[in-house]
Amino acid sequence: MKNIDWENLSFGYMKTDYNVRCYYHNGQWGEIEVCSEDTFNISIAAACLHYGQEAFEGLKAYRCPDGKIRVFRMDENAKRLQSTCRYIVMPELPTEMFEEMVKKVVRLNQEWVPTYESGSTLYIRPLLIGITPQVGVHAARDYMFVILVTPVGPYFKGGFQSNPYAIVHNYDRSAPLGTGKYKVGGNYAASLYAHNLAAAKGYASEFYLDAKEKKYMDECGAANFFGIKNNTYITPKSSSILPSITNKSLMQVAEDLGMKVERRQIPYEELATFEEAGACGTAAVISPISYIDDLDTGAHIEYGEEPGPWSRKLYDTLRGIQYGTLEDKHGWTTVVVE
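So, here is what we can say about the structure in this document.

Quick notes on the rules
Residue positions within a chain follow its written sequence, with the count starting from 1. Where local features are concerned, this predicted model is filtered to residues with pLDDT of at least 70; where side-chain atom pairs are given and counted, the filter is 80 or more; whole-chain, interface and lining totals use all residues. No hydrogens and no water enter the side-chain calculation; it runs on all heavy atoms of the structure. Numbering of helices and strands runs from the N terminus, with a helix taken as a DSSP run of H or I at least four residues long and a strand as a DSSP run of E at least two residues long. Values of the radius of gyration come from C-alpha atoms, whereas the globule rule sets the reference at 2.2 Å times the count of residues to the power 0.38. Only protein chains enter the area calculation, which uses a 1.4 Å probe; residues under 20% of their type maximum are buried, those over 50% are exposed, and those in between are partly exposed. Contact between two residues is taken to exist if any of their heavy atoms lie within 4.5 Å; hydrogens are not considered. Take the number of residues in a helix, subtract one, and multiply by 1.5 Å to get its expected span. Under the rule applied, a polar contact is a pair of N or O atoms within 3.5 Å (in protein, one hydrogen donor and one hydrogen acceptor; residues adjacent in sequence only if both atoms are side-chain atoms). To define a nonpolar core, start from buried Ala, Val, Leu, Ile, Met, Phe, Trp, Tyr and Cys residues and group those joined through side-chain atoms within 4.5 Å. By this definition, two strands are paired if DSSP reports at least two bridges between them. Handedness is read with the strands pointing away from the viewer; a crossover is right-handed when the path from the first strand over the helix to the second is clockwise. Only the six-membered ring of Trp is used, alongside the rings of Phe and Tyr, when aromatic pairs are assigned; centres must lie within 6.5 Å, and planes under 30 degrees apart are stacked while those over 60 apart are edge-to-face, with the rest tilted. Each ring is checked for a lysine NZ or an arginine CZ that lies within 6 Å of its centre and within 35 degrees of its normal; such an atom marks a charge sitting over the ring.

**A short note on the overall build of the protein chain**
When helices and strands are counted, the protein chain shows 7 helices and 18 strands. Taken over C-alpha atoms, the radius of gyration comes to 20 Å for the protein chain, in line with the 20 Å a tight globule of 338 residues would show. The C-alpha extent of the protein chain, read off along each of the three principal axes, is 55 × 50 × 35 Å. The buried share of the protein chain, reckoned over its 338 residues, is 54%. Of all intrachain contacts in the protein chain linking residues separated by at least 6 positions in sequence, the fraction that spans at least 24 positions is 71%.

What follows is the structure, encoded as structure tokens:
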């Protein structure tokens, strides 16, 4: 393995040995290529740079106590990327090719997969961009798909611990009939201003209400929200938010643990009734919420400085499945290095 201080990694980019690429020309995908450079040459008129025709995904590889390296639910990432491609008019990458490229890039960079004890992981970032030079607003003809990997530490410093969030009323990350449920870079660019406002006041992230009525809870920054009460896991149903694979997994884990699961609209007023609350996504898995402040009304909703018992159990269970220490009865993990 590489000589790296695995336990003190940030959630940032570090160049690894290889990435894998595939090009789409003349209506078809080419051969998978391996590259050691972490840059590429594209035209200054490339469609991705001018009209945002790009999509990405995020998943992880885990070095497990049994010595194997596993990836988690990569078929779901392939499906979600295909859904994004359909909406922003890009060619869909077949699931088989997506999975082959994920396996290949992890195996090529297996020395960069952090140790189990460190709590760090290998982050896998698939990226699809339109590279046709053009100045007219229309879909590109040529595309590049690349998967890069980088070792990362916890998304929030301190790992699994509670963080404060702030509700913002005057900003929207996405709209009901827009690109919110697709993983495109523009959604994240749209969140940066509000995020900086919240971060400057000491909050981990901003919290958005629905863009249409400003009555319902939508997303915690770029993560899905969940609340827990009366032995029930409740998460928003909205056309504006990304269908988180982590949240989908947590809903199943919650049922496995004997909880009820509800996916529905969550009125603003219901926030105060939850016993626990959290944000979830690939990067942090679960980020428990200590409290939520409304920056407009001054309302303060407290959930406790320590993660709640259900949040901890859900986190430990999902992590156990990802690391192969608990039974993977749903077949979510794939061993890529024995």
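**A few points about helix α6 (residues 245-256)**
Taking 1.5 Å as the rise per residue, α6 with 12 residues should run 16 Å; its terminal C-alpha atoms sit 17 Å apart, in good agreement. Along α6, the residues classified as buried are I245, T246, N247, S249, L250, M251, V253 and A254. Measuring from the side-chain oxygen of the N-cap residue of α6 to the backbone nitrogen of T246 gives 3.2 Å; that N-cap residue is S244. Directly beyond the C-terminal end of α6, a positive phi value near 95 degrees is found at G258.

**Let's talk about unusual backbone geometry**
The phi dihedral of R73 falls on the positive side, at around 55 degrees, and the residue is not glycine. With a relative accessible area of 9%, R73 lands in the buried category. Phi is positive for K214, which is not a glycine, with a value near 55 degrees. What makes K214 partly exposed here is its relative accessible area of 28%.

**Observations concerning the nonpolar core**
In this structure, F98, V102, V106, I124 and F145 are the most contacted members of the largest nonpolar core, which totals 39 residues. The element best represented in this core is helix α3 (residues 95-108), accounting for 6 residues. Once residues within four sequence positions are removed from consideration, V102 is found in contact with L59, V71, M74, I124 and I147. Ranked by size, the runner-up nonpolar core spans 22 residues in total, among them Y62, F160, L314 and Y315.

**Considerations on the pairing of strand β14 (residues 260-264)**
Strand direction decides the pairing type here: strand β13 (residues 232-236) and β14, joined by 5 bridges, are parallel. The residue bridging T235 from the neighbouring strand is R263, located in β14. In this region the chain leaves β13, passes through α6 and returns to the parallel neighbour β14; the handedness of that crossover is right-handed.

**Focus: the packing of aromatic side chains**
Applying the stated rule across the entire model yields 17 aromatic pairs. Here the aromatic rings of F11 and Y155 are separated by 4.9 Å at their centres, their planes lie at 80 degrees, and the arrangement is edge-to-face. Of the two residues, F11 is situated in the segment before β1 (19-25) and Y155 in the loop between β8 (143-152) and β9 (163-168); the sequence distance between them amounts to 144 residues. For Y155, a relative accessible area of 46% puts it in the partly exposed group. For the ring pair F98 and F145, a centre distance of 6.1 Å and an interplane angle of 40 degrees mean the geometry is tilted. Of this pair, F98 sits in helix α3 while F145 sits in strand β8, and the two are 47 residues apart along the sequence. Here the two residues F98 and F145 agree in accessibility, since each one is buried. These aromatic residues form a ring-pair network of at least three members: F11, Y123, Y155 and F156. The ring of Y188 has R173 lying over it, and the distance from NZ or CZ to the ring centre is 4.5 Å.

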